[in-house]
Amino acid sequence: QQQVKQSPQSLIVQKGGIPIINCAYENTAFDYFPWYQQFPGKGPALLIAIRPDVSEKKEGRFTISFNKSAKQFSLHIMDSQPGDSATYFCAAPTNTGGFKTIFGAGTRLFVKA
Amino acid sequence: GAGVSQSPSNKVTEKGKDVELRCDPISGHTALYWYRQSLGQGLEFLIYFQGNSAPDKSGLPSDRFSAERTGGSVSTLTIQRTQQEDSAVYLCASSLLGGARNTEAFFGQGTRLTVV
């Protein structure tokens, strides 16, 4: 079973810091790399996504950096705020055993006020 | 409604009983997923429906678990003879496209299942 490996498992930063969450994938056929944000008691929601024809995408304070040769992509949160405290999941489609989206294990982020 | 709707939101059942969890995806979405999330854990893939294709059941943990999707819309996840380890939040998601043309997945709020 192909995997999406996410790290770190948890992260604590001060307000204003720049947490970075990393994901590594295996299947080079992947062409859509999203990050999802989940607050307690809620389902995950799409935060930002990138396609591999670009190396970086910014949306507000959130940036995805994509390294195709290393098969890695990362999420950076600029000027982090306590309201960013949530669990973050990376995801990628796989075509092993049929197409489906598989998720990383998640990163619990806590931003201290 | 505008989003993915799941029911019930909470379900407490006795060990050994059967349960049915329902998912109403966003209208027009061809792909539908079921995931399971144990407390503080990641998303465990269960099953995937794409249009009229045979579902990908590779994530179902045992033969006590089954799911169907009627008319390409509503889906039901059934767990027979529930066990305590089945306790988790069951999340449904739908997306406009699937397969190689993956697009954003929209999640429901989940059904929190507690087996006592």
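Residues numbered from 1 in each chain as written. Chains lettered and ligands numbered in written order. Predicted model: local features only at pLDDT ≥ 70, side-chain atom pairs only at ≥ 80, totals over all residues. Heavy atoms only, no water.

Visitor: Would you mind showing me how to read the state of the cysteines here?
Guide: In a disulfide, the sulfur atoms of two cysteines are covalently bonded to one another. Applying the stated criterion across every chain yields a total of two disulfides over all chains. The disulfide partner of Cys23(A) is Cys90(A), and the gap between their sulfur atoms is 1.5 Å. Taking the torsion about the sulfur-sulfur bond, which here is approximately -60°, the covalent link between Cys23(A) and Cys90(A) counts as left-handed. With Cys23(A) in strand 3 (residues 20–25) and Cys90(A) in strand 9 (residues 86–94), this pair connects stretches of sequence that are 67 residues apart. Residue classification places Cys90(A) among the buried positions, given a relative accessible area of 0%. Put simply, Cys23(B) and Cys92(B) are joined by a disulfide, and their sulfur atoms are 1.9 Å apart. The sign of the S-S torsion, about -65°, decides the handedness of the disulfide formed by Cys23(B) and Cys92(B): left-handed. One end of the pair, Cys23(B), is in strand 3 (residues 19–24); the other, Cys92(B), is in strand 8 (residues 88–95), and 69 residues separate them in sequence. You'll find Cys23(B) and Cys92(B) in the same group, each marked buried. (Disulfide = S-S within 2.5 Å. Helix = DSSP H or I, 4+ residues; strand = E, 2+ residues; numbered from the N terminus. Buried < 20%, exposed > 50% of the residue type's maximum accessible area, 1.4 Å probe, protein only.)

Visitor: Whenever I open this one, the interface of chain B and chain A confuses me. Can you help?
Guide: A common way to state how big an interface is: give the accessible area lost once the parts meet. In this assembly, 21 residues from chain B lie in contact with 20 residues from chain A. At the boundary of chain B with chain A, total buried surface from both sides reaches about 1,700 Å², with 53% on carbon and sulfur atoms. Taken together, the connections running from chain B to chain A amount to three residue pairs in polar contact (both at pLDDT 80 or more). Those elements that provide at least two residues to the side of chain B that touches chain A are strand 4 (31–37) and strand 5 (44–50) of chain B. Looking at the side of chain B that touches chain A element by element, the count peaks at three residues for strand 4 of chain B. Among the residues making up the side of chain B that touches chain A, the classes are represented as nine nonpolar, 10 polar and two charged. (Contact = heavy atoms within 4.5 Å. Buried area = accessible area lost by both parts, 1.4 Å probe. Polar contact = N/O pair within 3.5 Å; in protein donor to acceptor, adjacent residues only side chain to side chain. Nonpolar A, V, L, I, M, F, W, Y, C, P; charged D, E, K, R; others polar.)

Visitor: Is there a simple way to explain the sheet that holds strand 6 (residues 56–59) of chain A in this structure?
Guide: The strands making up a sheet associate through backbone hydrogen bonding, with each pair oriented either parallel or antiparallel. Residues and elements named next belong to chain A. Judged by pairing direction, the sheet is antiparallel, and its five strands sit side by side in the order 1-3-8-7-6 without closing on themselves. Of all strands in the sheet, those with a lone pairing partner are strand 1 (4–7) and strand 6, marking the two edges. In this sheet, adjacent strand axes meet at a mean angle of 15° when their direction is disregarded. As defined by bridge partners, strand 1 adjoins strand 3 across four bridges and the pair is classed as antiparallel. If you follow Ser 7 over to strand 3, its bridge partner there is Asn 22. (Pairing = 2+ DSSP bridges. Axes fitted to C-alpha atoms, helices over the stretch in contact; angles between N-to-C directions.)

Visitor: Sorry if this is basic, but what is going on with the sheet that holds strand 3 of chain B here?
Guide: Residues and elements named next belong to chain B. What the four strands build is an open sheet, ordered 1-3-7-6; its pairing is antiparallel. With one partner strand each, in any of the chains shown, strand 1 (5–7) and strand 6 (65–69) form the two edges of the open sheet. Direction aside, neighbouring strands of the sheet carry axes that sit 15° apart on average. As judged from the five bridges shared by strand 3 and strand 7 (residues 75–79), these two strands associate in the antiparallel manner. Looking at the pairing, Val 19 lines up with Ile 79 of strand 7.

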